[in-house]
Amino acid sequence: MERATKRSRIVLEVVVLSLICSVSLVFAGDIVHQDDIAPKRPGCDNNFVLVKVPTWIGDNEEEEFVGVGARFGPTLESKEKDATKSRVTLADPPDCCSTPKNKLTGEVILVHRGNCSFTAKAQVAEAAGASAILIINNRTELFKMVCEADEPVVDIRIPAVMLPQDAGASLKESLENKLNVSVQLYSPRRPLVDVAEVFLWLMAVGTILCASYWSAWSAREAAIEQDKILKDASDEYLNTESSRSSAVVDINTTSAVLFVVIASCFLVMLYKLMSYWFIEVLVVLFAIGGVEGLQTCLVALLSCFRWFEHSAETFVKVPFLGAVSYLTLGVSPFCIAFAVVWAVYRRISFAWIGQDILGIALIITVIQIIRVPNLKVGTVLLSCAFMYDIFWVFVSKWWFHESVMIMVARGDKSGEDGIPMLLKIPRMFDPWGGYSIIGFGDIILPGLLVAFSLRYDWLSNKSLRAGYFLWVMIAYGLGLLITYIALNLMDGHGQPALLYIVPFTVGTLLTLGKYRGDLRHLWSKGEPDRLCPHVQLQPSEQ
């Protein structure tokens, strides 16, 4: 019966872990879109870049729109001060498939999509004297403007930008009301490194450090208590083992493989059901998990101070919950209120602070509860996560025509600013704004292996340099750093962080274990069952 209960608990923990870690990605919002499918040829080989389109009515600056540049035409200016401010005029005929009736002297012409190719519209506009062409899409989304497959060499010398339907309708309405409308067209470049990425790196590394030390401290305290009982030859040994096993869950290779299957199902469900109401459900689930995590972390932190020792060790029986410490009862209302306030006001500009606090507390708690017992399980888990990450970021494009992981992380089709199971920081010096984000899976999954290495070092009485934790921790930091370098090289396009982190962390532990002769013990036995003999407690004097 006890074995069946433990097995069911492991399955439950794997399901929870799969939901939390289903998004495993670093992302900054891509402003350059690479496309190997659309035809390229001389004069038609631009990257698809996002374009800022600030507008003026008379001398008053109005709304700023965002469009996408065409495959053809000249490269746009990257700085606003270098971009020319030009008047906008409506095309007549509206599709600009034939010579406009109105005379153009350097204006930007606003046209509708359809009836002829994009290059034909641009050529007609250029011949008529336009300085640029704005094409209104027939949908609210942006569309990549390419050259036709059978077109000869294209030589278009004016910029072509597509605007979403609502932006085009706003400009058209102003022009029809005989207002003097002007625009600028420019595509600012991202800074090589944003402060947000530095802070996000520090948050991820710091979270794993805190979680690892807490996990190792708990394991050492349990081992000391176990040694005490064995020295006293007490019959309480079995009870202690039972209580220790109820506090943590050691996953096995089966559950490690099961994680990928369940996480994939969750990710597809998130992708297919992505909507406003579904995000609301995720917010509620995240808030509940955040309350539990924040409560666990606060109780553990406060119980270290002698002012709270008595309340942490005094319990009261609560219906449906059982024995609960007075300290837990004291911090619970604060944790609940914190999560509720975040959920209600999560759309304000600084709500990311509350989301990150709840997320970090939840991550630390998960790494404390769920443990990797040996290197074999850790290698299987991270290898499966490695393939999972690559598949859902890159390979999924072949089946779904878009990256499922990126779509879910951004919360596309939901009207919300992404799912809550992410740590995020606003990009402070990025002209495009937005957030730098990292998925929980990129912290929790490698964090389980890092925490295992520190528990192994402490229970084996290894020093920091002679142990494994320091080197695995450095490997994680380097892997995440390489991820951010790749992110910036790809102009903010989402990257599967585990693609870089897993080889660094697992490779370091395997190589170092082999070199030191500990690999067999790390692989199969993992953490020692008891403290090493030379650090065991001495028997009390009779």
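Above this text you will find the structure in question.
Figured I'd write up the structure that's included with this text. Note that the structure is predicted; figures quoted are calculated from it, not measured.

To continue, consider helix α10 (residues 351-369). With 19 residues, α10 extends 27 Å from end C-alpha to end C-alpha; this agrees with the ideal 27 Å at 1.5 Å per step. Most of α10 is tucked away: 15 of the 19 residues are buried.

To continue, consider unusual backbone geometry. Across the junction of D92 and P93, the peptide omega takes the value 10 degrees, indicating a cis bond. Relative to the helices and strands, P93 resides in the loop between β5 (86-90) and β6 (108-112). Of note, the phi angle at C96 is positive, near 55 degrees, even though the residue is not glycine. With respect to the helices and strands, the residue C96 is situated in the loop between β5 and β6.

Residue position: T505 is located in helix α15 (residues 498-516). Of the residues examined, T505 reaches a relative accessible area of 0% and is grouped as buried. With residues near it in sequence (within four places) discarded, T505 still touches L382, L449, V472, A475 and Y476.

To continue, consider the packing of aromatic side chains. All chains considered together, the criterion is met by 15 aromatic pairs. Between Y271 and F400, the aromatic rings sit 5.4 Å apart at their centres with planes inclined by 80 degrees, giving edge-to-face as the arrangement. In this pair, Y271 sits in helix α6 (residues 253-272) while F400 sits in helix α11 (residues 375-400), placing the two residues 129 residues apart along the sequence. According to the relative accessible area criterion, F400 is partly exposed, its value standing at 23%. Geometrically, the ring pair formed by F391 and W392 is edge-to-face, given 4.8 Å between the ring centres and 85 degrees between the ring planes. On the basis of relative accessibility, which here comes to 29%, the residue F391 falls in the partly exposed class. The class for W392 is buried, based on a relative accessible area of 8%. Among the aromatic side chains, those forming a connected cluster through ring pairs are Y271, F391, W392, W399 and F400. The ring of W432 carries K52 above its face, with NZ or CZ at 4.6 Å from the centroid. It is R516 that lies over the ring of Y468; its NZ or CZ is 4.9 Å from the centre.

We now examine the environment of W432. Relative to the elements of secondary structure, W432 occurs in the loop between β14 (422-426) and β15 (435-439). Its relative accessible area of 15% is what places W432 among the buried residues. Sequence separation of W432 and R190 is 242 residues, and the distance between their C-alpha atoms is 7.6 Å. Among the polar contacts listed, one links the side chain of W432 to the backbone oxygen of P188, at a separation of 2.9 Å.

About the cut-offs
- Residues numbered from 1 in each chain as written.
- Predicted model: local features only at pLDDT ≥ 70, side-chain atom pairs only at ≥ 80, totals over all residues.
- Heavy atoms only, no water.
- Helix = DSSP H or I, 4+ residues; strand = E, 2+ residues; numbered from the N terminus.
- Expected span 1.5 Å × (residues − 1).
- Buried < 20%, exposed > 50% of the residue type's maximum accessible area, 1.4 Å probe, protein only.
- Contact = heavy atoms within 4.5 Å.
- Phe/Tyr/Trp six-rings, centres within 6.5 Å; stacked < 30°, edge-to-face > 60°.
- Lys NZ or Arg CZ within 6 Å of the ring centre and 35° of its normal.
- Polar contact = N/O pair within 3.5 Å; in protein donor to acceptor, adjacent residues only side chain to side chain.

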